[in-house]
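In case you want the letters, here they are:
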Amino acid sequence: MQACKRGNRHAYERLYELHAGRLKSIAFHLVGSRADAEDAVQETFLKVYRAMDGFEGQSSLSTWMCRILINCCYDVLRKQQKLAEQPVRGDVASESKLPLKVALERALGRLNERQRIVFLLFEVEGLRHSEIAAVLQVPEGTSRNWLFEAKRELKRSLMEKGA
Amino acid sequence: MKFECGDLDRALGMPELMPEAREHLKQCAVCRREYRVWTEISTAAKELHEEWESPELWPRIQRAIEAEPKPKPVWWKEWKMWAIAAVALIAISVAVWRPWQKAGTPASLAGNPVVLNAGNRDFLTEQALREVERTENAYRQSIDKLSQLAEPKLQGSASAVAVNYREKLEMLDSAIAETRANLDQNRFNVRLQTELANLYREKQDTLKELLTRDQKN
């Protein structure tokens, strides 16, 4: 982090190697395509570069980057006027996937934003509730509650579709 | 309380209800199916993590970062803070000292020729200025030697570290030149002398750091 603050480009490359995989995956599920996800990740790194000097380390670097990424994803969606519609998953080769995975992916699109983000961060990307609470700036209990609501909705949705 | 099918959702969110729920699951096929879906959601979710190669993404980010104006380094901010603190301290010291001097100094000493201008609080005496200039010269000589040693390493390398050091040294040289130009207008200004000394010290430390780093590597 100190090397990044000094403007060391190699430190940023290391930061990219460490975090880009997870950030790309989160962005993909929020914006719906790999190209848009990469745009969001690029914008995230630029914002991190611009704001690194002011980052005091109250939250972890990965939490901070994740928060920036989610905002960038909303920007990408807004730019493309996609907010009103569900993400189109054109890059996903559905045929090759397990039926439950495909059904789950579709059901995820029907969740509200907060439920979808908490589910993605906890169940898909493996963040802890304390980390999610820091990313979304909500109490930990709220994060647990949103996850429970998300899973209940997904269960209902999957049961209706006969999973 | 008798556990019914409608209680399952509530029980999934409340671990204390799960023993009763499990008893119910043994007898109810519908709830068993619901419970199976509930547990499979988490397993299937792990497979939703998307991985793909993006060989162009980092070069793109790097180009975008390079096009950004450079953020001011941390040492610059810290140095400014110390400079402000030093100026404030000098101002407070002078403010406290001057009334005391007026009250306590004998008339014969008040006109001491070493004091250039009693009305100007930031001014150095001639003797103090000579000492400051001697220190400055020592710094400059030391820095010149270090610069000569560091020059081949700095110019001969295109690494990001060398580029960072070059940029920092250029910034320091420019700040030194600017402070010296201001000092030429007013050689007795304490604040400017302090700034200049700090800049030389920073440059000396940077060159030493560069040379030591090179030896370590």
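So, how was this worked out
Residues numbered from 1 in each chain as written. Chains lettered and ligands numbered in written order. Predicted model: local features only at pLDDT ≥ 70, side-chain atom pairs only at ≥ 80, totals over all residues. pLDDT = per-residue confidence, 0-100. Contact = placed C-beta atoms within 7 Å. Axes fitted to C-alpha atoms, helices over the stretch in contact; angles between N-to-C directions. Helix = DSSP H or I, 4+ residues; strand = E, 2+ residues; numbered from the N terminus. Left-handed = near helix turned anticlockwise from the far one by under 90°. Nonpolar A, V, L, I, M, F, W, Y, C, P; charged D, E, K, R; others polar. Expected span 1.5 Å × (residues − 1). Buried ≥ 20, exposed ≤ 12 C-beta atoms within 10 Å, placed from the backbone.

Novice: Just give me the short version of the confidence of the model for chain A, but keep the residues and values in it.
Specialist: Per-residue pLDDT for chain A has a mean of 84; in total, 83% of the residues score no lower than 70. Per-residue pLDDT stays below 50 along residues 92-97 of chain A; that stretch engages in two contacts with residues further than four places along the chain or on separate chains.

Novice: Now, about the packing of helix H2 (residues 9-31) of chain A against helix H4 (residues 61-79) of chain A: what can you tell me, with residues and values included?
Specialist: Residue and element names in this part refer to chain A. Following both chains from N to C, one finds H2 and H4 inclined at 35°, their axes separated by 10 Å at the closest point. As H2 packs across H4, the resulting crossing turns out to be right-handed. Facing His19, Leu23, Ile26, Ala27, Leu30 and Val31 of H2, the residues of H4 in contact are Ser62, Met65, Cys66, Leu69, Ile70, Cys73, Val76 and Leu77. Looking at the contact of H2 with H4 residue by residue, the classes come out as twelve nonpolar, two polar and no charged.

Novice: How would you explain helix H8 (residues 140-160) of chain A if you had to name every residue and give the values?
Specialist: A rise of 1.5 Å per residue sets the reference length of H8 of chain A, with its 21 residues, at 30 Å; its end C-alpha atoms lie 30 Å apart and thus fit the reference within 8%. Within H8 of chain A, burial applies to Ser143, Trp146, Ala150, Lys151, Leu154, Lys155 and Leu158 of chain A. Close packing links the buried residues of H8 of chain A with helix H5 (99-108), helix H6 (113-124) and helix H7 (129-136) of chain A together with helix H3 (29-46) of chain B.

Novice: So what about the interface of chain A and chain B? Which residues, and what values?
Specialist: Listed as interface residues are 39 residues of chain A and, on the opposing side, 33 residues of chain B. Among the elements of the structure, H2, helix H3 (34-51), H5, H6 and H8 of chain A are those that each provide at least two residues to the side of chain A that touches chain B. Considering every element that reaches the side of chain A that touches chain B, the biggest residue donor is H2 of chain A, with ten residues. Of the residues contributing to the side of chain A that touches chain B, the split by class is 16 nonpolar, seven polar and 16 charged.

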